[in-house]
Amino acid sequence: MSFDLYRDIAKPILGGFGITAKRLRRKKVTVRYPEEKREQYQRTRWRHFLVRYDSGLEKCIGCSLCAGACPARCIYVEAAENTDQERYSPGERYAKRYEINMLRCIFCGYCQEACPTGAIVLRQNFELADYQRADFIYTKERLLEKYPGEADECYKRIPTIRE
């Protein structure tokens, strides 16, 4: 009986204390956020962007493959036809309405992989906190690059709708 008590209770507790003692002896690393930002892994995926061609036209053609690939069902795409007077993308169609519910997004990157034109990309901007639920619905205006190449730049805080 006493052997079972040692094996089943005392040994795991002492092992846990041993792990804690090893961790306490290590050098502590403190990052003074937001002045200093920690280096992220190369494949980190956080903030979504809709990118543009160098000509300024949107890459998104409104095919909704990203919405179909999303396991969380957080993407909504409404397509419309391009006209000669109003041309938003080089194809026949464009995304008239593009929304991502960031509260449901699991940042898996399937939307990026499914996109045939490479229109949606996930970048390392991880500052996604907000105060209102409505601000977590990212609309096309908030997702779309202001100019070609903005998504590849070092990240900066994106203002919310209310700011």
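Scroll up to find the structure this text is about.
Residues numbered from 1 in each chain as written. Predicted model: local features only at pLDDT ≥ 70, side-chain atom pairs only at ≥ 80, totals over all residues. Heavy atoms only, no water.

> Can you walk me through the overall build of the protein chain in this structure?
The secondary structure content of the protein chain amounts to 4 helices and 5 strands. Overall, the protein chain shows an N-to-C arrangement of helices and strands of α-β-α-β-β-α-β-β-α. For 163 residues, the compact-globule estimate of 2.2 N^0.38 gives 15 Å, and the protein chain exceeds it by more than 25% at 23 Å. On the principal axes, the C-alpha backbone points of the protein chain span a range of 85 × 40 × 30 Å. (Helix = DSSP H or I, 4+ residues; strand = E, 2+ residues; numbered from the N terminus. Rg over C-alpha atoms; globule rule 2.2 N^0.38 Å.)

> What is the right way to read the packing of aromatic side chains from this model?
How two aromatic rings sit relative to each other is set out by the distance from centre to centre and by the angle between their planes. Throughout the structure, instances matching the rule amount to 3 aromatic pairs. Arranged with centres 6.2 Å apart and planes meeting at 35°, the rings of Tyr 33 and Phe 126 form a pair that is tilted. Separated by 93 residues along the polypeptide, Tyr 33 in the loop between α1 (2-25) and β1 (47-50) and Phe 126 in the loop between β4 (120-123) and β5 (137-138) bring together distant segments of the chain. Directly above the ring of Phe 49 sits Arg 47, whose terminal nitrogen or CZ lies 4.5 Å from the centroid. (Phe/Tyr/Trp six-rings, centres within 6.5 Å; stacked < 30°, edge-to-face > 60°. Lys NZ or Arg CZ within 6 Å of the ring centre and 35° of its normal.)

> Before we go on, may I ask you to explain the pairing of strand β3 (residues 93-101) in this structure?
Within a regular strand, side chains alternate between the sheet's two faces. Sheet topology places strand β2 (residues 75-81) next to β3; 7 bridges connect them, and they run antiparallel. The residue bridging Tyr 76 from the neighbouring strand is Glu 99, located in β3. Both β3 and β5 contribute to a ladder of 2 bridges, which runs antiparallel. Across the sheet, the residue bridging to Asn 101 is Ile 137, located in β5. (Pairing = 2+ DSSP bridges.)

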